[in-house]
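Close look at the chain arrangement
Letter by letter, the chains look like this.
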Amino acid sequence: MLDSELVSDPLRLYDVGPMADGAAAAILCGRKGVAKVLGMWSSANAVPFNARQDYDVLYSAREAAERAYRMAGITPRDVATAEVHDSYSILGVLAAEALGLAPRGGLLASLRGGSEVRANLSGGLKSRGNVMGATGVYQAVEVVWQLVGRGPFKRVDGSIGVIHSMGGVDATSTVVVLGL
Amino acid sequence: MEHESVPLYWRNIPSYYRLAARRCRKCGEVYYPPVVKCPRCGSSELEDFQLPHEGELVEFTVLRSVPTDYMKQKPLVIGLVKLGPVKVLGQIVDAAPEKLKAGQRMEVVFRRVVVDGKYGLVMYGYKFRPRP
Amino acid sequence: MKAGIVSWGAYIPKYRIRTEDIAATWGDDPARIVDIYLVYEKSVEGYDEDAVTIATEAARRALRRGAVDPKRIGAVYSGTESKPYAVKPISSILIDALGLANNVFAVDMEFACKAASDGIVAIAGLVESGRVEYGLAVGTDTSQGEPGEHLDYSASSGGVAYVIGRDGVAAEFETIYTYNSDTPDFWRREGSPYPMHGEGFTGEPAYFRHVVGAAKGLMERHGYKVSDFAYAVFHQPNGRFPMRAASMLGFPPDKVKPGIVVTHIGNTYNASALMGLARVLEQAKPGDKILLVTFGSGAGSNAFVLNVTDAVLERQKADVPKVDEMIADKIYIDYAMYLKNRKMVKLFE
Ligand SMILES: [Zn+2]
């Protein structure tokens, strides 16, 4: 990855999620299903990119996560797995921090320190591919499969998973909390 | 090539050519690109505000994979420049990227931004370069 | 009071190509080329620059130097022979790029390298008649020369702008004189990418006849002597022609050299003599008289006598780049980059 060609300094080709084709489907119903929607929220960051004070925080994701967690009555510590929006590698890092899975600016350090951060076990947009409009449902399916241990995934240690989908660079974010 | 339509370009001429911004009469916030309603206080009373043509480089990056309109201008240097009360995103020209430093003085220049093929419109606008 | 130059601004693109790099591409002896033209390097526009952008930069500087309110400009005339559009004026783009009022006379003028100075003549008339308060005369070019042909060694890019008015004049137009005729020295047909030269017409029948004719006509009609002038500035297609014109008129070299810029930036066509004038104004003293003679192929010359006033000192102090600073502020490019910047590489559009 570090040898791939530069796209936008310092991001290189393999920092960029490739466009991919894909479709996902989930059935939502009022009856007892395989997993429950415990909380969800959408937030927008109305400040245009050039007018922002910080460029290392995804405010829309942070607010959507806080509200969705409150609705679900959970804390970040309860999250067993997360699928976050990482169309570029750095966005995945910032999204995981916005979801409270690591302190601001601390994700890479905690990974280097040997901690486990269970995010994007699917590979994320970066490695599974960016399926654009299908991404959110894709993430929901993947998180449920991880919670029940189906398909390519081993069952994760816990019963709560989170998905985060984003439009633009921190323009709008949706966070959904799923639980068994 | 995909770029802005001629009517949209024409409507944006004051902001593209001269960096004409808008200032909220109620709360004083300045917006570039211009807005019709103040996102901060909700007021619709905004007035023209002329941005200065000199400022300070906040940050920049070098695009090596560029949109089709800029294919012949690789690498493209894009930066944020603080012009008075606002930061403005724009292309940086006449400079080697390895010599650029955050904090340095920049000046606004008037350049071709998009050329619509051999027969279409030449669209002009602002860019930045280091102040000599 | 007569109309005069209230303020001036110049713009030289940053890129330069050395004469030796052009000569190496086409198999010429650089020493011989430099000896013929006395041009060591020439300015080249950036890939995203053209006569419009160059005109805008020069005009912004002219307005800034004199702290002239753009809304008080009543006319903008641009002289050029490198319009980006065959039909669509540079001058109307300048109205919005500079924030001028819409009640402004605007037109592009064409007379090879002389047109910008005809803009000055026309605006001086508008000012003296009281029809406008200030006018902006612009000379801008990204002049063409066929690669490998002689013009390739001199045709360059640059622009100047002069605010003409009666209030705050830094150099008054004391006299203006003109000399024109049908001379087939140089032309470019519609649709042709490069101009052609009428063999043998360039020197005596064109440049020298008109430049010397205009200067002599002016001096004889109004009784000027060489000793009246502190400076003489001539159109400069190369480094030799203006020096020879000066000697034909009896001007010593030290009165001509301050106005010579062609040696280090090449021939900026409509900005050529007027760039030399800008350099002279940046060092002139109140009371100095300047003889300015422009030239355009086809052919004709305008001759001006300028009387420098006290206001020049204030203009010289303005925070605007000086011609000498722009000559020194440069990025060298090779011949391949030169062809790219000048859009002389054929691309799919
Ligand atoms: Zn407001």
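Residues numbered from 1 in each chain as written. Chains lettered and ligands numbered in written order. Predicted model: local features only at pLDDT ≥ 70, side-chain atom pairs only at ≥ 80, totals over all residues. Heavy atoms only, no water.

Looking at the interface of chain A and chain B
- Chain A puts ten residues into the contact, and the matching count from chain B is eleven residues.
- For the pair chain A and chain B, the two sides together bury roughly 830 Å², of which 52% comes from carbon and sulfur.
- Counting the surface chain A buries against chain B, the share from its top three residues, Val7, Asp9 and Asn50 of chain A, is 54%.
- If you look at where chain A meets chain B, you find zero salt bridges.
- In terms of residue class, the side of chain A that touches chain B is made up of five nonpolar, three polar and two charged. (Contact = heavy atoms within 4.5 Å. Buried area = accessible area lost by both parts, 1.4 Å probe. Salt bridge = Lys/Arg side-chain N within 4 Å of Asp/Glu carboxyl O. Nonpolar A, V, L, I, M, F, W, Y, C, P; charged D, E, K, R; others polar.)

Considering the pattern of salt bridges
- Taken as a whole and assessed by the stated rule, the structure comprises 32 salt bridges over all chains.
- Two residues, glutamate 45 of chain C and arginine 342 of chain C, come together in a salt bridge whose shortest N-O distance is 3.2 Å. You can see glutamate 45 of chain C sitting in the loop between β3 (41-44) and α3 (51-65) and its partner arginine 342 of chain C sitting in the segment after α13 (335-341), a full 297 residues away along the chain.
- A relative accessible area of 11% places arginine 342 of chain C in the buried class.
- One network of salt bridges, in which partners are shared, links Asp94, Glu107, Arg111, Lys127 and Arg129 of chain B together with Asp48 and Glu49 of chain C. (Helix = DSSP H or I, 4+ residues; strand = E, 2+ residues; numbered from the N terminus. Buried < 20%, exposed > 50% of the residue type's maximum accessible area, 1.4 Å probe, protein only.)

A short note on the nonpolar core
All names here are of chain C.
- Grouped together as the largest cluster of nonpolar side chains are 46 residues, with contacts concentrated most on Ile5, Tyr162, Ile164, Met275, Leu277, Ile290 and Leu306.
- Counting the residues that make up this core, at least three belong to each of domain 1 (4-170 + 313-341) and domain 2 (172-310).
- The residues touching isoleucine 5, leaving out its near neighbours within four places in the chain, are Tyr162, Val163, Ile164, Val169, Ala170, Ala171, Phe173, Leu277, Leu281 and Leu306. (Core = buried A, V, L, I, M, F, W, Y, C linked by side-chain atoms within 4.5 Å. Domains from an automatic or database assignment.)

Description of a nonpolar patch on the surface
- Taken together, Leu28, Val37, Met40, Trp41 and Met71 of chain A make up a surface patch of nonpolar side chains, about 530 Å² in accessible area.
- Locating valine 37 of chain A in the fold gives a position in strand β3 (residues 36-44). (Patch = residues over 30% accessible without salt bridge, like charges linked within 9 Å, V, L, I, M, F, W, Y side chains within 5 Å. Areas by Shrake-Rupley, 256 points an atom, 1.4 Å probe, with all protein chains shown as cover.)

Brief notes about the side chain of threonine 294 of chain C
Residue and element names in this part refer to chain C.
- Here threonine 294 lies in the loop between β12 (289-293) and β13 (300-308).
- When its relative accessible area of 3% is taken as the criterion, threonine 294 is described as buried.
- Among the polar contacts made by the side chain of threonine 294, one reaches the side chain of serine 117 at a distance of 2.8 Å.
- Excluding residues that lie within four positions of it along the chain, threonine 294 makes contacts with Lys114, Ser117, Val211, His235, Ala273, Gly300, Ser301, Asn302 and Phe304. (Polar contact = N/O pair within 3.5 Å; in protein donor to acceptor, adjacent residues only side chain to side chain.)

Some remarks on the domain arrangement of chain C
All names here are of chain C.
- Structurally, chain C comprises domain 1 (4-170 + 313-341) and domain 2 (172-310).
- Opposite the 61 residues of domain 1 that make contact, domain 2 presents 51 residues.
- In total, about 4,400 Å² of surface goes out of reach between domain 1 and domain 2, with carbon and sulfur atoms giving 61% of it.
- In terms of surface lost to domain 2, no three residues of domain 1 exceed Leu38, Cys113 and Lys114, which account for 12% of the buried area on that side.
- The interface formed by domain 1 and domain 2 includes three salt bridges.

A short note on the interface of chain C and chain B
- Across the contact, 29 residues belong to chain C and 25 residues belong to chain B.
- When chain C packs against chain B, the two sides together hide about 2,300 Å² of surface, and 51% of this comes from carbon and sulfur.
- The residue arginine 112 of chain B makes a salt bridge to aspartate 50 of chain C at a minimum N-O spacing of 2.6 Å.
- Contributing elements (two or more residues each) for the side of chain C that touches chain B: α3 and α4 (90-98) of chain C.

Describing the coordination of the zinc ion
Residues and elements named next belong to chain B.
- Protein coordination at the zinc ion comes from Cys24 (SG), Cys27 (SG), Cys38 (SG) and Cys41 (SG), with a distance range of 2.3 to 2.4 Å.
- Given four donor atoms and angles of 101 to 119° at the metal, the environment of the zinc ion is assigned as tetrahedral.
- Ordering the donors of the zinc ion by residue number gives the pattern C-x2-C-x10-C-x2-C. Taken together, the residues cysteine 24 in strand β1 (residues 20-24) and cysteine 38 in the loop between β2 (30-31) and β3 (46-50) connect sequence positions 14 residues apart.
- Cysteine 38 gets classed as buried once you look at its relative accessible area, which sits at 2%. (Donors = N, O, S within 2.8 Å, 3.2 Å for Na, K, Ca; no water. Tetrahedral: all angles 85-135°; square planar, octahedral: opposite > 155°, others 65-115°.)

Observations regarding α3 of chain C
Residue and element names in this part refer to chain C.
- Taking 1.5 Å of rise per residue, the 15 residues of α3 would be expected to cover 21 Å, and the 21 Å separating its terminal C-alpha atoms lies within 8% of that figure.
- Counting buried positions along α3 gives 14 out of 15 residues, so the element sits mostly inside the fold.
- Between the side-chain oxygen of the N-cap and the backbone nitrogen of valine 52 there are 2.8 Å, and the N-cap of α3 in question is aspartate 50.
- Directly beyond the C-terminal end of α3, a positive phi value near 45° is found at alanine 67. (Expected span 1.5 Å × (residues − 1).)

Concerning helix α7 (residues 240-249) of chain C
Residues and elements named next belong to chain C.
- When we look at burial in α7, the residues that qualify are Phe241, Pro242, Ala245, Ala246 and Leu249. What you see down the axis of α7 is that its buried residues fit within an arc of 135°, all on one side.
- Close packing links the buried residues of α7 with α6 (202-222), β11 (231-234) and α8 (253-256). (Arc of directions from axis to C-beta.)

Observations regarding the sheet that holds β2 of chain B
All names here are of chain B.
- Ordered by their spatial adjacency, three strands build an open sheet running β2-β1-β3, and the pairing between neighbours is antiparallel. Each edge of the open sheet carries a strand with a single partner, namely β2 and β3.
- Across two bridges, β1 lies against β2 in antiparallel orientation. By the bridge assignment for β2, arginine 23 is matched with valine 30. (Pairing = 2+ DSSP bridges.)

With respect to the arrangement of the chains
- There are two pairs of chains in contact here, and the one with the most contacts is chains B and C.
- Contact between chain A and chain C is absent, and the minimum C-alpha spacing across the pair is 21 Å.

Remarks on the packing of aromatic side chains
- According to the stated counting rule, one finds 18 aromatic pairs over all chains in the structure shown.
- Each ring, one from phenylalanine 229 of chain C and one from phenylalanine 251 of chain C, has its centre 6.0 Å from the other, and the planes form 50°; the classification is tilted. Linking phenylalanine 229 of chain C in the loop between α6 and β11 with phenylalanine 251 of chain C in the loop between α7 and α8, this pair joins segments that are 22 residues apart in sequence.
- A connected cluster of aromatic rings, assembled from ring pairs, spans Tyr9, Tyr16, Tyr17, Phe110 and Tyr124 of chain B. (Phe/Tyr/Trp six-rings, centres within 6.5 Å; stacked < 30°, edge-to-face > 60°.)

Focus on the pairing of strand β6 (residues 172-179) of chain A
Residues and elements named next belong to chain A.
- Counting buried positions over the eight residues of β6 gives six, a clear majority of the element.
- By the bridge criterion, eight bridges tie β3 to β6 in an arrangement that is antiparallel. Counted as the bridge partner of serine 43 is serine 173 from β6.
- Sheet analysis places strand β5 (residues 160-167) next to β6, joined by eight bridges and oriented antiparallel. Counted as the bridge partner of isoleucine 163 is valine 176 from β6.
- Here β5 folds back onto β6, and the loop between the two strands holds four residues, one of which, glycine 168, carries a positive phi near 65°.

As for the sheet that holds strand β1 (residues 4-11) of chain C
Residue and element names in this part refer to chain C.
- The mixed open sheet is built from nine strands, whose spatial order is β5-β4-β6-β7-β1-β8-β13-β12-β11. Every interior strand has two partners, whereas the edge strands, β5 (105-109) and β11, have only one. Between one strand axis and the next, the sheet turns by 20° as a mean value, whatever way the strands run.
- Pairing between strand β4 (residues 73-79) and strand β6 (residues 134-142): six bridges, direction parallel. Looking at the pairing, valine 76 lines up with leucine 136 of β6.
- The strands that α4 touches are β4, β5 and β6; relative to β4, the one it contacts most, it runs at about 135°.
- Taken strand by strand, helix α5 (residues 115-128) contacts β4, β5, β6, β7 (157-165), β8 (171-180) and β13, and its axis lies near 175° from that of β6. (Axes fitted to C-alpha atoms, helices over the stretch in contact; angles between N-to-C directions.)

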